[in-house]
Amino acid sequence: MSREFEAASGWIANNLMSRPWAISIEITHNCNANCLHCDKGEHIKDEKRASIEEYLRIYKEAKPIVVQISGGEPMMRKDYLDIVKAFHNPGHMPYLVFVTNAGLLTEEKYDELKAAGVDKFSISIDFPDERHDENRKVKGLFKHLDELIPKIMAKGNNDVTMITAVTRKNYPYLMDNLRIVEGWGAALNFSMYTSGRTGDEDLLIRSAEDLKKFRAVMDQLIEAKRQGSLIFSSEEILNRYYAFFENGAKTGNCKVGKRSFVVNPDGSICPCAMKKDLAYKTHKEIKQIFVRHNTCDQCFISLRANTEKPIWELVRDIWSTRASL
Ligand SMILES: C[S@@+](CC[C@H](N)C(=O)[O-])C[C@H]1O[C@@H](n2cnc3c(N)ncnc32)[C@H](O)[C@@H]1O
Ligand code: SF4
Ligand code: SF4
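Here is a short report on the structure shown in this document.

Cut-offs and rules
- Residues numbered from 1 in each chain as written.
- Chains lettered and ligands numbered in written order.
- Predicted model: local features only at pLDDT ≥ 70, side-chain atom pairs only at ≥ 80, totals over all residues.
- Helix = DSSP H or I, 4+ residues; strand = E, 2+ residues; numbered from the N terminus.
- Rg over C-alpha atoms; globule rule 2.2 N^0.38 Å.
- Buried ≥ 20, exposed ≤ 12 C-beta atoms within 10 Å, placed from the backbone.
- Contact = placed C-beta atoms within 7 Å.
- Core = buried A, V, L, I, M, F, W, Y, C linked by C-beta atoms within 7 Å.
- Near = placed C-beta within 6 Å.
- Nonpolar A, V, L, I, M, F, W, Y, C, P; charged D, E, K, R; others polar.
- Pairing = 2+ DSSP bridges.
- Arc of directions from axis to C-beta.
- Right-handed = clockwise from strand over helix to strand, strands pointing away.
- Expected span 1.5 Å × (residues − 1).

Looking only at helices and strands, the protein features 12 helices and 8 strands. Compactness check: the protein gives a C-alpha radius of gyration of 18 Å against a globular reference of 20 Å for 325 residues, within 12% of the reference. Across its three principal directions, the C-alpha atoms of the protein cover 45 × 45 × 45 Å. Burial status across the protein gives 44% buried among its 325 residues. Restricting to contacts in the protein with at least 6 residues of sequence separation, those with at least 24 account for 75%.

Shown next, in the form of structure tokens:
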């Protein structure tokens, strides 16, 4: 059975059986950065961590199609390669996405991660220049990306999607991000900033003036996409992203918990990264306790936008950009 067929049949089976499409395993909450828009950035001593076998047990119970290895910064864990290897099932599911700020990534480490089984890399870019360093509090990070990503792309694996978490501070520069990322040969994805992590509502796009300008930027991105730019987010999603902010940073009908969930370093599971106060032991518990009553509409992050779209949109978007969630 081809991997694509397995993924398609897995998608149908998971929908019928209320299993998730994707899980995000936050293997550590430590981070080498300290981004303005995120709640991570501390160095947690003695972080409680589950065994790799426990992460695998959760995966096997939920049987998602996509496993994201994320954090915090996943490369802050010494055994990140062992974790990737444990999930790698050559020629079969899961589809492995490694989510990183790439500050600790080198060409050699990329090769090791590839050999270990990573299918796609999702790498953050907030700004098209050194403002990225300021936003992430990591000196030299933009220069590092500028040197590293073209070298990785030259290997010909077509496996890097850069991702911008869009805030009031960086939305005017999204076209510049696109041009930079295109110059590197990679695809670009977007996620909308939520104040659910930080409590900072000042980074939301809310004023009539900002919304008007943001609409114009989205129209430019849509046009660039039509002209062939490798933007992972489809036209529909770009419009839904705009609508999220236009609607006061709210989008209802959240399917999180059903279509995706997050695994914490200690092996507890929660519906999403913004609901850390809710920790469950099993996916069944999330569905029974959380999903039934969830009315939260506070975010429209990429994972939510992409796992909530109809299958034909998902297949078309992956096919057209060969990009990742
Ligand atoms: C939490 S980070 C973990 C992986 C890695 N440390 C990184 O930054 O890529 C995953 C993604 O979430 C985004 N993110 C962080 N805080 C966010 C927020 N408040 N709203 C939306 N996206 C956010 C980051 O920019 C990044 O693209
Ligand atoms: S977005 Fe990523 S790099 Fe930035 S603080 Fe959060 S976990 Fe760390
Ligand atoms: S809308 Fe859904 S994914 Fe977003 S914060 Fe609320 S529960 Fe989490």
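One finds I69 and F98 to be the most contacted residues of the largest nonpolar core, which totals 83 residues. Contact partners of I69, with chain neighbours within four places excluded, come to I25, I27, P74, I83, V84, L96, F98 and V99.

Close contacts around ligand 1 come from 18 residues, with C38, N101, S124, A165 and R197 the closest. Split into classes, the residues belonging to the shell around ligand 1 amount to 7 nonpolar, 9 polar and 2 charged.

Taken together, 13 residues lie around ligand 3, and C254, C272, M274, C296 and C299 are the ones closest in. Its residues assigned to classes, the shell around ligand 3 comprises 7 nonpolar, 3 polar and 3 charged.

Sheet strands pair via backbone hydrogen bonds, and the direction of the pair is either parallel or antiparallel. As summarised here, the arrangement of the 8 strands in space is β6-β5-β4-β3-β2-β1-β7-β8, forming an open sheet in which the pairing is mixed. A strand with exactly one partner marks an edge of an open sheet, and here the two such strands are β6 (187–192) and β8 (269–270). Relative to strand β2 (residues 66–71), strand β1 (residues 22–28) runs parallel, the two sharing 6 bridges. Bridged to A22 within β2 is V66.

The next point concerns unusual backbone geometry. Peptide bonds are, in most cases, trans, and in most cases residues other than glycine have a negative phi. Backbone torsion omega between M93 and P94 reads 5 degrees, so that peptide bond is classified as cis. The phi dihedral of K137 falls on the positive side, at around 60 degrees, and the residue is not glycine. Note on placement: K137 falls in the loop between α5 (131–136) and α6 (141–153). At N253, a residue that is not glycine, the phi angle is positive and equals roughly 60 degrees. Along the chain, N253 turns up in the loop between α9 (235–246) and β7 (260–263).

Looking at where V181 falls in the secondary structure, it is placed in helix α7 (residues 174–184). Remark: the alpha-carbon pair of V181 and P128, spanning 53 residues in sequence, is separated by 8.5 Å. Those residues in contact with V181 that lie beyond four places of it in its chain are I125, M162, A186 and L188.

This next bit is on helix α3 (residues 80–87). Given 3.6 residues per turn, any residue in an α-helix points the same way as the ones three and four places further on. Within α3, burial applies to Y80, I83 and V84. Looking straight down α3, one finds that the buried residues subtend no more than 100 degrees of arc, so they occupy a single side.

What follows is about the pairing of strand β3 (residues 95–100). With respect to burial, β3 is a largely interior element, 6 of its 6 residues being buried. Burial along β3 is two-sided: Y95, V97 and V99 facing one way and L96, F98 and T100 facing the other are all buried. For the crossover that starts at β2, traverses α3 and ends in the parallel β3, the hand is right-handed. At this point the chain moves from β3, through helix α4 (residues 107–116), to the parallel strand β4 (residues 120–124), and the crossover so formed is right-handed.

Turning next to the pairing of β2. Within β2, 6 of the 6 residues are buried, which leaves the element mostly enclosed by the surrounding structure. The two faces of β2 match: V66, Q68 and S70 on one face and V67, I69 and G71 on the other face are all buried. Viewed along the sheet, the connection from β1 through helix α2 (residues 52–62) into β2 turns out right-handed. Bridging between β2 and β3 involves 4 bridges; their strand directions are parallel. Directly across from V67, in β3, lies its bridge partner L96.

Attention now goes to α6. Given a rise of 1.5 Å per residue, 13 residues ought to cover 18 Å, and the 18 Å separating the end C-alpha atoms of α6 matches this to within 8%. Among all positions of α6, only L141, F142, L145, I149 and I152 are buried. On the buried face of α6, the contacting elements are α4, α5, β5 (160–166) and α7.

Just distances and angles here, no functional claims.
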